[in-house]
Structures are given as structure tokens and as C-alpha cells.
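Notes for the structure review
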Amino acid sequence: MLGRSRTGGFRPENLGQNAVSLIGSIGFSIFVIGVVVFTIIAATYEPEDPLFHPSDKITTFLSSNSNATLKSDDSVVKTGEDFMAANQTAFAGFINIADVETSENDSDANQLDCDSNVPIDCKDPEVFHLMMKATMEKFKDIHFYKFGKPVTVEGTSSCDMAWRYRPKDGKTAAFYKDYRRFVIAKSENCSVSVMGIGEYHSGVNARKRKRPGFRNSSGGKVDDFSLPVVGEAVNDSLPVVESENAFKEGHYLVYSGGGDRCKSMNHFLWSFLCALGEAQYLNRTLVMDLSLCLSSVYTSSGQNEEGKDFRFYFDFEHLKEAASVLDQVQFWADWGKWYKKNGLKLHLVEDFRVTPMKLVDVKDTLIMRKFGTVEPDNYWYRVCEGETESVVQRPWHLLWKSRRLMEIVSAIASRLNWDYDAIHIERGDKARNKEGWPNLEKDTSPSSILSTLQDKIEQGRNLYIATNEPEVTFFNPLKDKYKTHLLDEFKDLWDESSEWYSETMKLNGGNPVDFDGYMRASVDTEVFLRGKKQIETFNDLTNDCRDGIGTCNVAAS
């Protein structure tokens, strides 16, 4: 029976019918398998985190083709000043030494009544022009934009003078301020000369506190430059609401809870700037938490550390002058005093899918976005996804790096007379991982580095080494050809006797502040970026991909 049935099925008259039946069965099987696979994918799919897989528009902001080594380093974030064009008109009007020489020293008449015992008059135009000329002759790699009037140092023949400048080859859109002490000598015929110029920031009498600026209609101050000025005194005191009436007339936005805490600094900024962008879109004051949790990737303890002040890492003075923000501690204290008395209302939003566009017409004094406990739906940046992405823009221009940290960067560059080359050497875990980076350890050995540098950096140059290599003696062989410098050579800039130490301790309630891993990486990176020549680990020292084997094309796309 079975034999006849099998044989009969392949009779010529049945072939067409069997073929149709077989094709139908195969098609149905493929359909069933497809449905099962689709169901499994749908059930297990988690959307990519846009922070780490950004759109083309975000990539434009958060990456730089000129610096493949550092662009995606999770330890260092880019902020608003990194996106400013360095060729702005403000940089064109620098002072030439010829401008000083034409107005210098026409003092023959004054020498007729010469008295060499009269103390140096620092306000004398002759002395002023002499000091300016001496400064420009000493610092040939700098463009000068403004000189302050000299200030007398009581009981000495010295004068303090400040100036605003930037390096001639500067790639960053920023100005810098220095103030130094000049030793002035007067001869018997009363001619004056500069005998010496002090170290960086030695002319403390010429350091002036910034006068309060005028506020514009949006609450920001009007300054003569819209660029960072590193070296100015920092005033990052907390803003306060002037009166009960002003408080009740205001409108506020606060984000509460969520899973962003203790994440990387990149993650924090991506979420924080979403909140700030929504506040600006809604024309509301952002109530922000200035107390951060520093991720374990930046701490010496290897643990997340709470209680870090926002102002340790970012320029809060610029933020509070350019945007409407309040510290949440002060806000909740005022809210507790006045919300019942004035009938102030709170509008609670507990779903990130409620877009800012739907909140435009809310009249309540406070909008609170409350985030839950389930990641990633409790990340603040989810508010700015989807249709909101094209409406609410992250205001990168409002967030600058801490000028206290940038002051350390400026001090290091100044000690090197802004005349140095820089190399970034990334080793650490990647150098030990031969599967992901098979050549990195060999390519970043001292002998390989010297071989690479011989055609790129002139022998005898100052060479700043930015690195995550903990053993600094590792680079000793480079000293035979270069004047090498590493970050810890300048630790006096953040030790107990430093201005950074005393100022951050004041912000921290009188408690010392650790110069943590994020601060180190930030300063190391910024000094590297100010080198005249910059040699990167990936592309310059090794052909290994920054993110491991097979990722070079992905990183470039």
C-alpha cells in the first residue's frame, strides 16, 4: 500500500498538482517562521540610547574630525565654547607692538627737572608704554587685545599690570587674562626700564573684581565679549529671587527623580541640556540640582560619589547670567513659604511622552516632571526624543567648562610660554587587551613613539604628554630628545596652597575638594588641545581602531 501510494504520487498526471501543493506548504512554513521571529524581536527589542548612537545632527556637535583620539572619550565632554568659531571678528583687533612704539617715550623735556629719587609713577604714560612694549617683546607667541592701567605696589619700585590676550595659534574661541609684577628701574637721568617680569598671575594688585553688568530683558548680563575670559575673578554665587512678589509672578520647571544620577558626564549633560532646553522653550525658570553624583569611572575610590558641586565642573556664572535658573534648595524654601499664601499651583507630569508642546498653555506656577524607577524610560533626555527633537533645541552655548579648571589649563600653557607641542597617549586597559587592540601596546612604547615623532616634532621642543598611563617614568626615554611635561608636574596649581583649592573649599562648605579623575582628564585634554602640534594615539601612533577591531569605518561614518 505504501509503495503504491508513493509511486502513484509521482505519476505524470499528478506532478502539477503536487508541485503547487509543495510550494504552498513551503510558503506557509516561511510565513509562520517569520511571524515567530518578528514576535521574539518585538518582545525583546530595546531602543538604542541616542546618547551613544547619536543622529547626524548630534554627531556634528559631539564629535570632531580633527581629533580622533579624544572626540568620543567618555571621560571628557564638549561644552558650548567648543562649538564657537575661532575666527570671529573679536580676534582681529589685536594690538601691534608698533602701536605702542609710536606713542612711547618723548621724555627729553621731563629730564630737565630730573630727580631720580622720586618714586616710580606707575600711572606715568611713559612707564605704561614701556611695560606694554616689554610684555609684547617677551611673549612673542601671544596676541594682546587690552592692557589695564598699571597699579603701584606700595613700598617698592614695582608696578602690576593686567592684559587680555590669546595665543597666536589659538584654536579655541576664548580670551585669557594675565596680571604680572614688573620691576622698574630709574637711571640718574630719570629714564626708566623694565628689569624683570614676574610669573603668571604675580601682579595681584592689577586683578580687578568684575563690576556687576547690566541685565538685558531676558535676564542675562551684557558683557563686552560673548566669549569665555579665563583669568577673570569668578562670581558663581547662587541666584536668589528678589521678593515674594517676584517669586509668585515667575513660572518654573523642575525635573524630579529619574535614572540619570551617577551616570557618565556625557549622560548627565545630555539629560540636563534637555531640561534646560524645555525650560527655555516654555519660557520658564529651570529649577536645578547643583549637587551632582560623580560616576565611579572618575573617582579614585572606584565608587559613585555624591555631593559634588555643579560649579566644580562647569561655569555657573555664565549659565546664571545667560539663562534663567535657580538652585532647587533655595527654590523649595521659597515655595514652602509662599505657595499656600499666594495660591500657587503645581502641574504634575509623570509620563515623558507628554511633549513640551502640550505644556505651552499650562498657566500653573510650577511644572514638575516626575520620573520613575524603570530605565531607560526614566532618563530625562527621553523628553527630547521623537517629535520634540526638532522643536526643543539643547542650548549648548549656555554651558561652558569651569573657568577655575580652565585657569589651571591657562597657567600650565603660560608656564610653557604657549610654545609647546602635545601628544596624547592612550594605554591602560586597551593596551592590555590584545584581542581588541593588537598593536596598541607596541605602538605606544617609548621607542615607537620616538620613531613616530622624529619626523613630526622638532628635537628639543617642549612636549606635553596627556595620558592615562599611571607610571610616569614610562616616558623617561623621551627626555633624551624633548623637554617632556606631564600633568602632575603642575600639581601646585591644585594643591592646598593654590587658589583653586581655597575657592572650591568655600563652595564645598569649608571641606577640601578632591581633584578627581574627571577634573584631571578635563585639564589634561584642554592642555593637549592648546599645543601647537597635536599627535593623537589613534591615526598618528597606531592603526588600531579607537573602539576596537572592526570599528574604524563605523567611527568615521
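Conventions used here
Residues numbered from 1 in each chain as written. Predicted model: local features only at pLDDT ≥ 70, side-chain atom pairs only at ≥ 80, totals over all residues. Heavy atoms only, no water. Helix = DSSP H or I, 4+ residues; strand = E, 2+ residues; numbered from the N terminus. Buried < 20%, exposed > 50% of the residue type's maximum accessible area, 1.4 Å probe, protein only. Contact = heavy atoms within 4.5 Å. Areas by Shrake-Rupley, 256 points an atom, 1.4 Å probe, with all protein chains shown as cover. Pairing = 2+ DSSP bridges. Axes fitted to C-alpha atoms, helices over the stretch in contact; angles between N-to-C directions. Core = buried A, V, L, I, M, F, W, Y, C linked by side-chain atoms within 4.5 Å. Salt bridge = Lys/Arg side-chain N within 4 Å of Asp/Glu carboxyl O. Expected span 1.5 Å × (residues − 1). Patch = residues over 30% accessible without salt bridge, like charges linked within 9 Å, V, L, I, M, F, W, Y side chains within 5 Å. Disulfide = S-S within 2.5 Å.

Under an unreviewed UniProt entry, the name given to the chain is O-fucosyltransferase family protein, and the organism recorded is Arabidopsis arenosa.

For the rest of this paragraph, the subject is the overall build of the chain. Secondary structure summary: the chain contains 17 helices and 19 strands in total. Buried residues in the chain amount to 46% of all 557 residues. Long-range pairs, those at least 24 residues apart, make up 69% of the contacts in the chain between residues at least 6 apart in sequence. When the accessible surface of the chain is summed, it comes to about 29100 Å², and 52% of that surface belongs to carbon and sulfur atoms.

One open sheet holds the five strands; their spatial order is β13-β10-β9-β15-β14, and the pairing between them is parallel. Looking along the sheet, the strands with just one partner apiece sit at the ends: β13 (325–327) and β14 (346–349). For this sheet the average axis-to-axis angle between neighbouring strands, irrespective of direction, equals 25°. Across four bridges, β14 lies against strand β15 (residues 366–371) in parallel orientation. Bridging from a neighbouring strand, Leu348 pairs with Met368 of β15. The strands touched by helix α7 (residues 265–281) within the sheet are β9 (252–257), β10 (285–288), β13 and β15, with β9 carrying the most contacts at an inclination of about 155°.

As a further point, take the pairing of strand β4 (residues 175–186). Both strand β3 (residues 158–167) and β4 contribute to a ladder of eight bridges, which runs antiparallel. By the bridge assignment for β4, Ala162 is matched with Tyr179. With two bridges joining them, β4 and strand β8 (residues 229–230) adopt parallel strand pairing. Bridging from a neighbouring strand, Phe175 pairs with Val229 of β8. Inspection of the sheet shows β4 paired to strand β5 (residues 192–197) by five bridges, in the antiparallel sense.

Proteins that are soluble and globular tend to have nonpolar side chains buried together. In terms of nonpolar packing, the biggest core is built from 96 residues, with Phe272, Phe310, Leu319 and Ile412 touching the most fellow members. The biggest single contributor to this core is α7, with 10 residues. In this view, Leu319 contacts Phe272, Leu276, Met288, Phe310, Val325 and Leu398; residues no more than four positions away in its chain are not counted.

Right, let's talk about the pattern of salt bridges for a bit. In the structure shown here, the tally under the stated rule is 36 salt bridges. With its nearest N and O atoms 3.0 Å apart, the salt bridge here joins Arg403 to Asp315. Of this pair, Arg403 sits in helix α11 (residues 403–415) while Asp315 sits in the loop between α8 (310–313) and α9 (316–322), and the two are 88 residues apart along the sequence. We note that Arg403, like Asp315, is buried. In this structure, the salt-bridge partner of Arg461 is Asp419, at a minimum N-O distance of 2.7 Å. Within this pair, whereas Arg461 is found in the loop between α14 (446–453) and β17 (462–467), its partner Asp419 is found in the loop between α11 and β16 (421–425), the two being separated by 42 residues in sequence. Put simply, Asp141, Asp419, Asp421, Arg461 and Lys532 are held in one network by salt bridges that share partners.

This part takes up α7. The end-to-end C-alpha separation of α7 is 24 Å, in line with the 24 Å expected for 17 residues at 1.5 Å each. Judged by how many residues are buried, α7 sits mostly within the fold: 15 of 17 residues are covered. Where α7 ends, the next residue or the one after it, Asn283, has phi of about 55°, a positive value.

Attention now goes to the pairing of β16. Buried residues dominate β16, accounting for five of its five residues. Here β16 shows two buried faces, one formed by Asp421, Ile423 and Ile425 and the other by Ala422 and His424. Two strands pair when backbone bridges link them, and β16 and β17 are joined in this way by five bridges, in the parallel orientation. What sits directly across from Asp421, in β17, is Leu463. Pairing of β16 with strand β19 (residues 534–535) involves two bridges; the strand directions are parallel. Following the sheet pairing, Ile423 is matched in β19 by Ile535.

A word on the environment of Met288. Looking at the element boundaries, Met288 is found in strand β10. Once you skip the residues sitting within four places of it in the chain, Met288 turns out to touch Phe272, Phe310, Phe316, Leu319, Val325, Leu326, Asp327 and Gln328.

With that out of the way, let us pick up the environment of Arg427. Inspection of the secondary structure puts Arg427 in the loop between β16 and α12 (428–432). Arg427 sits in the buried class, given a relative accessible area of 8%.

There is a patch of nonpolar side chains on the surface, built from Tyr281, Val360 and Val391 and spanning about 220 Å² of accessible area. Relative to the elements of secondary structure, Val391 occurs in the loop between β15 and α11.

Further remarks concern the state of the cysteines. Per the stated rule, a full pass over the model turns up four disulfides. Each disulfide pairs two cysteine sulfurs, and for Cys122 the partner residue is Cys159, the sulfurs being separated by 1.9 Å. Every disulfide takes its handedness from the sign of the S-S torsion; for Cys122 and Cys159 that torsion is -85°, giving left-handed. Taken as a pair, Cys122 in the loop between α4 (97–101) and α5 (125–138) and Cys159 in strand β3 lie far apart in primary sequence, 37 residues in all. Overall, the relative accessible area of 0% leaves Cys159 in the buried class. The disulfide partner of Cys262 is Cys293, and the S-S distance across this bridge is 1.9 Å. In this structure, the disulfide formed by Cys262 and Cys293 twists by about 95° around the S-S bond and is classed as right-handed. Of the two residues, Cys262 sits in the loop between β9 and α7 while Cys293 sits in strand β11 (residues 291–294), which places them 31 residues apart along the sequence. Judged by relative accessible area, Cys293 falls into the buried class, the value being 10%.

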